[in-house]
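Listed here are the chains, written in short residue letters.
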Amino acid sequence: MGKSGHFVHRVVDSTLNVTFGTSYDSTKNIFVELNKVTDGNQKALLRNKKVYSGNIQLIRLKGTVSGAPTQITLKGYEDSGGTKMLIPPSTGLLEDAVSGATKSVAFKVDVFHSSKVDDLFFFAETDTGSFTVTEVQVSWFE
């Protein structure tokens, strides 16, 4: 019997240091490999798939700010040049952590995507100041 139901996957990268400002910059993006899922111990495991096929649901960015930005606009592309749009621009509010000095923003998306590669590139801009992303999480299901 084949698999049935939904299988939820989570991709986390907490080694980032990408600073976004008040305009999009083609040299500043966050690269995510959607098939590089994370196990319960935060170890990255590359799924043995030749293609990516799934429904992207959640994107969360965490980091620090400078110059008091209050919101960020995020969009996603299949390519590093930002020419093959996959996730349209969405604006979210930067929220303070309950404790600590970090801020986060989360986006609920519902994008089914199938491709020969699992690459996803995020570009962002702030309303003022800058936002330095130190962690990204993408959750998707198949």
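Each value, and the rule that gives it
- Residues numbered from 1 in each chain as written.
- Predicted model: local features only at pLDDT ≥ 70, side-chain atom pairs only at ≥ 80, totals over all residues.
- Heavy atoms only, no water.
- Helix = DSSP H or I, 4+ residues; strand = E, 2+ residues; numbered from the N terminus.
- Contact = heavy atoms within 4.5 Å.
- Pairing = 2+ DSSP bridges.
- Axes fitted to C-alpha atoms, helices over the stretch in contact; angles between N-to-C directions.
- Buried < 20%, exposed > 50% of the residue type's maximum accessible area, 1.4 Å probe, protein only.
- Lys, Arg positive; Asp, Glu negative; His and termini not counted.
- Salt bridge = Lys/Arg side-chain N within 4 Å of Asp/Glu carboxyl O.
- Polar contact = N/O pair within 3.5 Å; in protein donor to acceptor, adjacent residues only side chain to side chain.
- Core = buried A, V, L, I, M, F, W, Y, C linked by side-chain atoms within 4.5 Å.

## Focus on the environment of N29
So, point 1. You can see N29 is positioned in the loop between β2 (18-20) and β3 (30-33).
So, point 2. Separated by 10 residues in sequence, N29 and T19 place their C-alpha atoms 8.8 Å apart.
So, point 3. Ignoring anything within four residues of it in the chain, the contact list for N29 reads V18, F20, S80, F121, F122 and F123.

## Here's the deal with the sheet that holds strand β7 (residues 71-77)
Backbone hydrogen bonds are what pair the strands of a sheet, in a parallel or an antiparallel way.
So, point 1. Strand order in the open sheet made by the 4 strands is β3-β11-β7-β8, with antiparallel pairing throughout. Edge strands, defined here as strands with exactly one partner in the open sheet, are β3 and β8 (85-93). Recorded for the sheet is a direction-independent mean angle of 20° between the axes of neighbouring strands.
So, point 2. With 6 bridges connecting them, β7 and strand β11 (residues 119-126) associate as antiparallel partners. Bridging across to β11, G76 finds its partner in F122.

## Focus on the environment of V32
So, point 1. Tracing the chain through its elements places V32 in strand β3.
So, point 2. On a C-alpha basis, the gap between V32 and F121 in space is 6.3 Å, while along the polypeptide they are 89 residues apart.
So, point 3. Those residues within four positions of V32 in sequence are excluded, and the remaining contacts are V11, D118, D119, L120, F122, V136 and V138.

## A short note on the side chain of K75
So, point 1. Here K75 shows up in strand β7.
So, point 2. Despite its burial, K75 remains without a salt bridge, the nearest opposite charge being carried by E125 at 7.0 Å.
So, point 3. In this structure, K75 is in contact with Y24, M85, I87, P88, P89, F121, F122 and F123, ignoring residues within four places of it in sequence.

## Topic: the side chain of S139
So, point 1. Structurally, S139 can be placed in strand β12 (residues 130-141).
So, point 2. Within the local environment of S139, its side chain forms a polar contact with the side chain of Q137, the two groups lying 3.2 Å apart.
So, point 3. Excluding residues within four positions of it along the chain, S139 makes contact with H9, R10, N55, I56, Q57 and L58.

## Observations concerning the nonpolar core
So, point 1. With 28 residues, the main nonpolar core has I30, V32, I56, L61, I87 and F122 as its most contacted residues.
So, point 2. Looking at which element gives the most residues to this core, the answer is β12, with 5 residues.
So, point 3. Once you skip the residues sitting within four places of it in the chain, L61 turns out to touch I30, I72, L74, K103, S104, V105, F131, V133, E135 and V136.

Note that all results are geometric; they support no functional claim without further evidence.
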